[in-house]
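Inside the fold
Now for the letters of each chain:
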Amino acid sequence: MRDRRLLLVHAHPDDETIVTGATMAKYAAEGAHVTLVTCTLGEEGEVIPPELAHLASDREGGLGEYRVTELRRACAELGVRDQRFLGGRGRYRDSGMMGAPTNDRPGCFWRADVEAAAHELAAVIREVRPDVVVTYDDNGGYGHPDHIQAHRVTVRAFDLAAERTLPGTPWQARKLYAIAQPRTVLEESVARMQADPGPFTAPKAVEDVAPGTPDALVTTRIDASAHLEAKTRAMRAHATQISVSGRRFALSNDIAQEIHAVEYFTLLRGPEPRRGPDGYETDLFA
């Protein structure tokens with residue numbers, strides 16, 4: 001019987017752990033082949049620890065290269081052995097937040113030719129031959145240009161990989177998912193953080209964390225609670241970007257969020273989900 005294969009496309013180092021780390025750890029522990037494709041090195045990330053401030057993108061030392069090391073450590077904690085960069089390490093540069101001057105920087109991912117980048121990703125899909133592909137929704141989760149671009153590139157590559165006009169053996173993955181954060185789940189989590197943010201700043205509203213996904217659009221719920229510790233350790237590995245305290249974490253804005261081991265997805269392509277009594281399917285490979 002052929003091994004199950006899962007391929008995830010993320011914009012920067014740390015994204016994979018924050019929103020899909022538990023899912024990755026669960027399937028890796030179950031023997032699935034998990035491949036992570038990271039689109040940039042995260043050169044524009046804001047450095048949290050003062051002792052690592054010298055790594056900021058406009059100084060010598062190179063935040064991107066340091067984050068490659070952090071990503072390697074996080075993948076080890078999650079049990080992921082196949083991590084690669086889209087087009088090769090350093091091919092695309094972090095574009096920074098939407099509206100920043102770095103959006104126009106030559107070589108940034110936001111300015112990449114979608115068709116060319118999709119061909120690069122399609123080659124990986126043909127090599128790995130995943131059953132399931134995961135990336136962001138069309139808003140990139142929260143509007144980050146590199147996340148939006150990752151969605152565009154992945155959707156196009158999903159189709160390109162099956163075309164017989166390209167070199168190599170065609171491969172059609174069975175399912176394509178977008179990462180989701182159900183609005184009601186997010187609201188409940190934010191309420192808990194408002195009541196007890198720990199050492200961080202309490203969020204004033206859900207939008208301080210993320211816009212959230214309308215509940216009706218969420219198709220899939222993956223309970224990877226058994227892998228919460230692995231996800232937490234992987235988050236600690238991304239020390240330049242994430243502060244962790246118990247079951248809470250914060251990014252550079254210092255706003256408290258919960259570390260979740262139950263992760264959600266929306267099926268974009270594939271057969272009708274096999275939903276359980278709670279309305280969700282519970283296995284990406286179902």
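Residues numbered from 1 in each chain as written. Predicted model: local features only at pLDDT ≥ 70, side-chain atom pairs only at ≥ 80, totals over all residues. Heavy atoms only, no water.

Digging into the nonpolar core
Test applied: Only buried Ala, Val, Leu, Ile, Met, Phe, Trp, Tyr and Cys residues count toward a nonpolar core, and they belong to the same one when joined by side-chain atoms within 4.5 Å. Burial classification: accessible surface area is computed with a 1.4 Å probe over protein chains only, and a residue below 20% of its type maximum counts as buried, one above 50% as exposed, and the rest as partly exposed. Numbering of helices and strands runs from the N terminus; a helix is a DSSP stretch of H or I covering at least four residues, while a strand is a stretch of E covering at least two.
Membership of the largest hydrophobic core comes to 58 residues, with the highest contact counts inside it found for Leu6, Leu86, Leu121, Val134 and Leu284. Among the elements that line this core, the one with the most residues is helix H3 (residues 114–128), at seven residues. In terms of nonpolar packing, the next biggest core, distinct from the first, is built from 10 residues, Ala22, Leu228, Met235 and Ala261 among them.

Section: the sheet that holds strand E2 (residues 33–38)
Remark on secondary structure: sheet strands pair via backbone hydrogen bonds, oriented parallel or antiparallel. Put simply, the rule reads: We treat two strands as partners when DSSP finds at least two bridges between them. Fitted lines through C-alpha atoms serve as axes, helices being fitted only where they are in contact, and the angles separating the N-to-C directions of these axes extend from 0 to 180 degrees. Here a residue-residue contact requires only that any non-hydrogen atoms of the pair lie within 4.5 Å.
Pairing within the open sheet is mixed, and its seven strands lie in the order E3-E2-E1-E4-E5-E10-E6. Each edge of the sheet is formed by a strand with only one pairing partner; in this case those strands are strand E3 (82–85) and strand E6 (220–223). Each strand axis lies, on average, 25° off the axis of its neighbour in the sheet, ignoring direction. Pairing of strand E1 (residues 5–10) with E2, which is carried by six bridges, proceeds in the parallel orientation. Across the sheet, the residue bridging to Val9 is Val37, located in E2. Those strands touched by helix H2 (residues 63–78) are E2 and E3, and its axis lies near 155° from that of E3. Against the sheet, helix H4 (residues 145–160) makes contact with E1, strand E4 (132–135), strand E5 (175–180) and strand E10 (262–269), and its axis sits at roughly 160° relative to E4, the strand it touches most.

Things to note about the pairing of E5
With six of six residues buried, E5 lies mostly within the body of the structure. Of the two faces of E5, both are covered, the one formed by Lys175, Tyr177 and Ile179 as well as the one formed by Leu176, Ala178 and Ala180. Bridging between E4 and E5 involves four bridges; their strand directions are parallel. Of the residues in E5, the one forming a bridge with Val132 is Lys175.

Comments concerning the sheet that holds strand E9 (residues 257–258)
Pairing is antiparallel in the open sheet, where three strands are placed in the order E7-E8-E9. Looking at the sheet topology across the chains shown, the edges are occupied by strand E7 (243–245) and E9. Bridge count for strand E8 (residues 248–250) against E9 is two bridges, and the pairing is antiparallel. For Phe249, the partnering residue across the bridge sits in E9 and is Gln257.

Looking at the UniProt feature "binding site: Zn(2+)" (unreviewed entry) in the protein chain
What counts here: UniProt positions are given in the numbering used here, feature names are shortened, and annotations may be inferred rather than shown by experiment.
With numbering matched to this structure, UniProt assigns "binding site: Zn(2+)" (unreviewed entry) to His12, Asp15 and His147. Across 136 residues in sequence, these annotated residues keep their C-alpha atoms within 9.5 Å of one another, forming a single compact spot. The exposure class of His12 is buried, given its relative accessible area of 5%. Aside from chain neighbours lying at most four places away, what touches His12 is Thr38, Thr40, Gly42, Arg67, Asp94, His144, Asp146 and His147. Mapping His147 onto the fold places it in helix H4.

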